[in-house]
Structures are given as structure tokens and as C-alpha cells.
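Close look at the chain arrangement
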Amino acid sequence: MKLSNETLFLLQAFTAGIWGAFFYDAIRIVRRVISHRRFFVSLEDLAFWGICALRGLQIMYENNTGGLRWFAILGGGVGVYLYKKIISKFYVTNVSKALCLVRNKLTSMLKLIRIKLCKR
């Protein structure tokens, strides 16, 4: 069975929406583990949305010679929505907790090493 070009285009947009939401969650996790100033948060967001826009344009160019297809935008939106409803909270919460635990353990170890070195 061969899928039509429109179906493949829709699937690409759908998966691009999922990947975009996943990477934005990765940025959110980093922000939870390492505090950022507002300037850097804005810079990260600007870079993220720029990359998303370029990827969206690339998908449209490759599949539709650059033409805007609303079903592709809808497919990307559905991908983001389903990812957010099904995976996002679990992923962000658990990975953030794990990385914060690692960060705290490393910080404690470094403090202990520093204290031992200073006593010499």
C-alpha cells in the first residue's frame, strides 16, 4: 500500500509537532535544573521558535514547493497537542527531578572536596 503525498506531508507535520514540543520540554527541564536570567530565557525562546519556523518552511518546501497547506499546520498542532496531553508532564517532572538530584549530589561532593582541600 502506497501512501499519498498529502498523507506523508501530514505525517511529517504531525511528527515535527511532536519533536518541537519534546525539544521545548527539554529547554524547560534545563531551566528547572539551572536557573536562567530573563534575557537568556528570551534568547532561548527566540532560537527555538526560529528553528521551528525554519523546519516548518523546510517541510513545506520539500513537500509542496513552499505552498502553505492548512492540513499540515493542523497536523503539527495535533502532534503538539497529543504530546502535551500524553507525555509532557511525565517527561518534564521526572527528568527534572532526576537531574536536580544529580546536580545536588554533585554540588555536595564538590563542597566536600573543597573543604578537604582547604584544610590541607
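Up top you'll find the structure we're talking about.
For the structure given in this document, a descriptive report is provided here.

Reading guide: rules and limits
- Residues numbered from 1 in each chain as written.
- Predicted model: local features only at pLDDT ≥ 70, side-chain atom pairs only at ≥ 80, totals over all residues.
- Heavy atoms only, no water.
- Helix = DSSP H or I, 4+ residues; strand = E, 2+ residues; numbered from the N terminus.
- Expected span 1.5 Å × (residues − 1).
- Buried < 20%, exposed > 50% of the residue type's maximum accessible area, 1.4 Å probe, protein only.
- 1 Å grid on protein atoms, 1.4 Å probe; cavity = no way out; pocket = protein on both sides within 12 Å on 5 of 7 lines; lining within 4 Å.
- Points joined across faces, edges and corners; volume = space filled by probe spheres on them.
- Nonpolar A, V, L, I, M, F, W, Y, C, P; charged D, E, K, R; others polar.

When the terminal C-alpha atoms of helix α1 (residues 5–33) are compared, their 42 Å separation across 29 residues agrees well with the 42 Å that a helix rising 1.5 Å per residue should span. Listing the buried residues of α1 in full gives Phe9, Ala13, Gly17, Gly20, Ala21, Asp25, Ile29, Arg31 and Val33.

This part is about the layout of surface pockets. The calculated volume of the largest pocket comes to roughly 700 Å³. In terms of lining residues, the largest pocket is bounded by 26 residues, among which Ala16, Gly17, Cys52, Gly56 and Gly76 are the most central. Breaking the lining of the largest pocket down by element, the ones donating at least two residues are α1, α2 (38–64) and α3 (70–119). Ranked by residue count, the leading element in the lining of the largest pocket is α2, at 10 residues. Residues that form the lining of the largest pocket fall into these classes: 19 nonpolar, 5 polar and 2 charged.

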